[in-house]
Amino acid sequence: MISISTTQALAGDKVTKKVQELIDSSQSSVADSSKAFSYAQSAIDEAEKSKSNISIAAAMYNMARTFKYHDRYSYTIVYFDFAIEAYENAGEQLKVAEVLRKAGRIYYAMGHYDKAMTYYMNGLKIHDDLNVVNAEKGWLLRYIGSVFKHKENYDKALYYYKKAYEIFETTNNQDGMSSSYNNIGIVYGIKGRDSLEILYYRKALKVAQDGGAKNRESVILNNIGSALTKHRKYADAMAIFEEVFDYLSELDEPNYMKLGDTYKNFAKLYYETDKLDLALENLKLSELNVRKTEKKQKIELAEIYELYSKLYVKKGDYKKAYEYRLLYNDLQKLLGDASVAAEIEKIQFRYEREQFEEKINQEREKENAASSSQRQWLIYLSIGIVLLTLALVVQKIKFSRALRNK
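What comes next is a walk through the structure. Note that the structure is a prediction, hence the values are computed from the model and not measured.

About the criteria used
- Residues numbered from 1 in each chain as written.
- Predicted model: local features only at pLDDT ≥ 70, side-chain atom pairs only at ≥ 80, totals over all residues.
- Heavy atoms only, no water.
- Helix = DSSP H or I, 4+ residues; strand = E, 2+ residues; numbered from the N terminus.
- Expected span 1.5 Å × (residues − 1).
- Buried < 20%, exposed > 50% of the residue type's maximum accessible area, 1.4 Å probe, protein only.
- Contact = heavy atoms within 4.5 Å.
- Phe/Tyr/Trp six-rings, centres within 6.5 Å; stacked < 30°, edge-to-face > 60°.
- Lys NZ or Arg CZ within 6 Å of the ring centre and 35° of its normal.
- Arc of directions from axis to C-beta.

1. Considering helix 7 (residues 135-150)
Between the first and last C-alpha of helix 7 there are 23 Å, a value that for 16 residues agrees with the 22 Å anticipated at 1.5 Å per step. Of all 16 residues that make up helix 7, 15 are buried, and the element is covered over most of its length. The positive-phi residue at the C-terminal boundary of helix 7 is Glu 152, with phi of around 65°.

Set out below in structure tokens:
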């Protein structure tokens, strides 16, 4: 068995220097969408000209990441798919598996679980065919478990989470170990196995704490708090959420998404205890923080809108409850339509790419024709010079003979 802790280094045709520089510029300016997309497109154009499969794959992958950062999921899928195709052409199977996992995550986030499963399983097959065990394989197994969880096949979800844990333990990936335990806890919670739910959350928390993974720790604590809320242990849940909030408040750079999630948990707790004004106040703070980030914004807002709707029903304001239900439905439809939009955009992109390649080929043919014409002219010039030289030599010989005859 081959044990590889990281994806294999790129082989064959490397990323050209100019393409890599453009990719680096795109990533360094990713928050500025205008600059980021301009650099990313230039990287693709340059990669196409180089005809380097690795360069094309890297440029496509970079564009996908740029679109993902700006929460444009359908375009993200399009460029991930082109990166997969280019890595396949380059013979980089482990890179193909890596991008399959990332593309699968987008489909998963949009609720297209069957599509996500296809991508994950294809990535897993690559690892099995190559007999490779690494953290990447562990994450594929972990995400497959989550698809089964959402499809309510909890036994298979537990199977894949536990298989993922085994690989993470073998590769000493503590974040993966903690994530696997955390998700096992979630499944046991859904199955009503309360003691096992808390047990695995505690295991996940210990691994995260031992590894100093405060970020993962905050996720697990939020889950523990939610479990305590579910079991009406409101005081204990409040203490947990306050601990998470204290950690997030001390960060040098605010983590708006996690702050949004924590405020949402406060809102749920207050909702359960009928403190509706406090629930509404915290839900508004949750929305405010979520809107400060691009990543997963629409997905998080959908959940917030759903909670708004339930909250206003409880307050007796059915008009606002209906308005937020419409907003929730619109976002759900938007996320669902992204998959269809991706296929349309993919067809359009292929057409534009073919047009681009045809234009490049035409330009090359013109250059070749001009070069051929120039070479032909040089040949004729060379022949002319040779003939002229021969004529001069003959003339000189004749002139010399004429002088001797005198």
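Don't stop here, the text continues.
2. Quick word on the environment of Glu 88
Among the structural elements, Glu 88 can be located in helix 4 (residues 73-90). When its relative accessible area of 43% is taken as the criterion, Glu 88 is described as partly exposed. Residues Glu 88 and Ala 57 lie 31 residues apart in sequence; the distance between their C-alpha atoms is 9.0 Å. Setting aside its immediate chain neighbours within four residues, Glu 88 contacts Gln 93 and Val 96.

3. Looking at the packing of aromatic side chains
Taken as a whole and assessed by the stated rule, the structure comprises 21 aromatic pairs. Both rings, one in Phe 67 and one in Tyr 75, keep their centres 4.8 Å apart while their planes meet at 15°; by these two values the pair is stacked. Under the relative-accessibility criterion, Phe 67 is labelled buried at 7%. Note on Tyr 75: relative accessible area 30%, which makes it partly exposed. Ring geometry for Phe 245 and Tyr 263: centres 5.4 Å apart, planes at 65°, overall edge-to-face. Here Phe 245, found in helix 12 (residues 234-249), pairs with Tyr 263, found in helix 13 (residues 256-272); they are 18 residues apart in sequence, far enough to count as distant. Judged by relative accessible area, which is 24%, Phe 245 ranks as partly exposed. The residue whose ring lies beneath Arg 72 is Phe 37, and the NZ or CZ to ring-centre distance is 5.6 Å. The residue whose ring lies beneath Lys 203 is Tyr 200, and the NZ or CZ to ring-centre distance is 4.7 Å.

4. Re unusual backbone geometry
In this model, Lys 51 sits at a positive phi of 60°, which is unusual for a non-glycine residue. Relative to the helices and strands, Lys 51 is located in the loop between helix 2 (33-50) and helix 3 (53-69). On the basis of relative accessibility, which here comes to 53%, the residue Lys 51 falls in the exposed class. The backbone of Glu 152 sits at a positive phi, close to 65°, despite the residue not being glycine. Among the secondary structure elements, Glu 152 is positioned in the loop between helix 7 and helix 8 (154-170).

5. A few points about helix 1 (residues 17-28)
Helix length check: helix 1 (twelve residues) gives 16 Å between terminal C-alpha atoms against 16 Å at 1.5 Å per residue, within 8%. Regarding helix 1, the residues found buried are Val 19, Leu 22, Ile 23 and Ser 26. All buried residues of helix 1 project into a common sector of 100° when viewed along the axis, lining one side. Opposite the buried face of helix 1, by more than 90 degrees, sit the exposed residues Lys 17 and Ser 28. Residues of helix 1 that are buried sit in contact with helix 2 and helix 3.

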